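Take a look at the letters that make up each chain.
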Amino acid sequence: MERSYNVIPTDTGVPIKAWTVGVPFEAAAEAQLRNVAALPFIHKWIAVMPDAHQGIGATVGSVVATSGAVIPAAVGVDIGCGMMAARTSLTASELPDSLGGLRAAIEAAVPHGRTDNGGKNDRGAWRDPPPAQVEAWAALEPRYRKIVVKHPRVDRGVAINHLGTLGTGNHFIELCLDEEERVWVMLHSGSRGIGNRIGSYFIELAKQEMRQYFVNLPDRDLAYLPEGTRHFHDYLQAVSWAQDYAAVNRELMMAQVVQALRASGELPPFDASVEAVNCHHNYVAREHHYGKDVLVTRKGAVRAQAGDLGIIPGSMGARSFIVRGLGNPESFCSSSHGAGRVMSRGEARRRFSVRDHEAATAGVECRKDEDVIDETPAAYKPIDDVMRAQKDLVEVVHTLRQVVCVKG
């Protein structure tokens with residue numbers, strides 16, 4: 001059988017298996033992967049997803065199994081970032097002719113973006129969190145307090161104010177239609193400000209440990225925490241909590257969106273729990289692979305064990321997919337988390353105009369201004385090429401196309 005991935009040999013360390021056949025794969029990302037492969041605690045090989053692109057320290061779209069250590073930067077600062085999608089009982093024929101009102105209802109219901117440098121007037125945070133947020137925070141806070149007792153520097157800002165909020169960058173809320181013209185709500189976000197603080201704090205702690213023990217690394221952002229040390233245990237405790245926060249954040253937003261759509265006056269009564277998927281794509285988990293219990297870090301990758309449902313979004317104006325994992329062991333049972341950037345945000349802003357973006361998002365009710373040029377579809381790899389490259393990792397269950405997109 002023809003091999004579906006490229007094998008990149010390394011002079012030192014483990015090999016790299018890259019599901020990048022037929023998609024752009026930048027030299028800078030390969031160089032990062034070689035640096036990770038040289039670390040002494042990598043299990044078997046590194047798996048690279050077709051949406052891979054250069055990140056900070058570790059490559060976005062990489063799956064790294066480790067034994068005896070964890071690399072905080074390989075998870076990153078958007079801990080628990082992921083996707084949620086729910087199919088409604090609505091069909092396309094029940095949507096209004098103009099979708100601007102639905103977009104406005106979603107934007108009014110979910111704080112999004114960032115203003116006032118994240119200060120008290122930040123439009124992307126709650127000033128007075130609603131009852132659902134207060135209840136959710138009450139369940140999350142006890143574990144959080146145990147973390148900040150040991151690491152008080154993490155406790156800057158008020159974490160409850162970001163529960164049920166979208167954020168910025170590539171985070172989004174969409175209304176989509178599937179192959180049978182059924183309406184879905186889909187959203188993308190993570191652990192917001194508190195996840196960023198936890199990630200940044202432990203990345204710096206790992207760097208301090210490397211300096212303290214004179215550990216020389218090919219990239220200082222690959223600083224790691226050895227198993228058995230206090231910071232190793234504390235990081236896993238904190239990252240697990242942030243992942244739970246991220247999942248709750250998505251659930252709250254989904255409820256807010258559904259409530260806003262129902263209250264908009266533009267739709268008939270509908271159900272919104274026909275099918276639902278909630279999955280991380282920036283996280284670390286304990287798993288068993290090739291006869292060993294290891295820590296699997298997925299940085300921009302979705303778990304795709306046999307039967308797992310996942311979400312692989314395209315860019316604004318491109319198709320997205322609800323998928324079912326095929327449980328391919330060579331990818332550590334993983335798949336891509338999206339299309340993957342093919343150029344930096346700065347390059348996208350230099351290369352494309354508002355007119356280009358308007359043409360690329362024709363038919364989608366969304367922002368069409370210069371502040372979202374860096375998210376224009378051409379800044380990403382073609383999602384169809386990405387899906388072809390990983391046909392042995394997932395199977396498509398539903399194909400979605402956006403009709404409304406809310407960006408931070």
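Structure: see above.
Criteria and cut-off values
Residues numbered from 1 in each chain as written. Predicted model: local features only at pLDDT ≥ 70, side-chain atom pairs only at ≥ 80, totals over all residues. Heavy atoms only, no water. Phe/Tyr/Trp six-rings, centres within 6.5 Å; stacked < 30°, edge-to-face > 60°. Helix = DSSP H or I, 4+ residues; strand = E, 2+ residues; numbered from the N terminus. Buried < 20%, exposed > 50% of the residue type's maximum accessible area, 1.4 Å probe, protein only. Salt bridge = Lys/Arg side-chain N within 4 Å of Asp/Glu carboxyl O.

### Brief notes about the packing of aromatic side chains
Applying the stated criterion across every chain, the model contains 11 aromatic pairs. Each ring, one from Y5 and one from W19, has its centre 4.7 Å from the other, and the planes form 45 degrees; the classification is tilted. With Y5 in the segment before β1 (6–8) and W19 in the loop between β2 (16–18) and α1 (27–37), the pair connects residues that are 14 residues apart, well separated along the chain. By relative accessible area, which is 8% here, Y5 ends up buried. Given a relative accessible area of 0%, W19 falls into the buried group. Aromatic rings pair up to connect W137, Y144, W241 and Y245 into one cluster.

### Quick notes on the pattern of salt bridges
All chains considered together, the criterion is met by 29 salt bridges. With a shortest N-O distance of 3.0 Å, E107 and R103 are connected by a salt bridge. Of this pair, E107 and R103 both sit in helix α3 (residues 100–109), separated by 4 residues, roughly a single helical turn. Residue E107 is classed as partly exposed on the basis of its relative accessible area of 24%. The shortest N-O distance in the salt bridge between R182 and D178 comes to 2.8 Å. An identical accessibility class is assigned to R182 and D178; each is buried. Via salt bridges that share partners, R341, R345, R349, D374, E375 and K407 belong to a single interconnected network.

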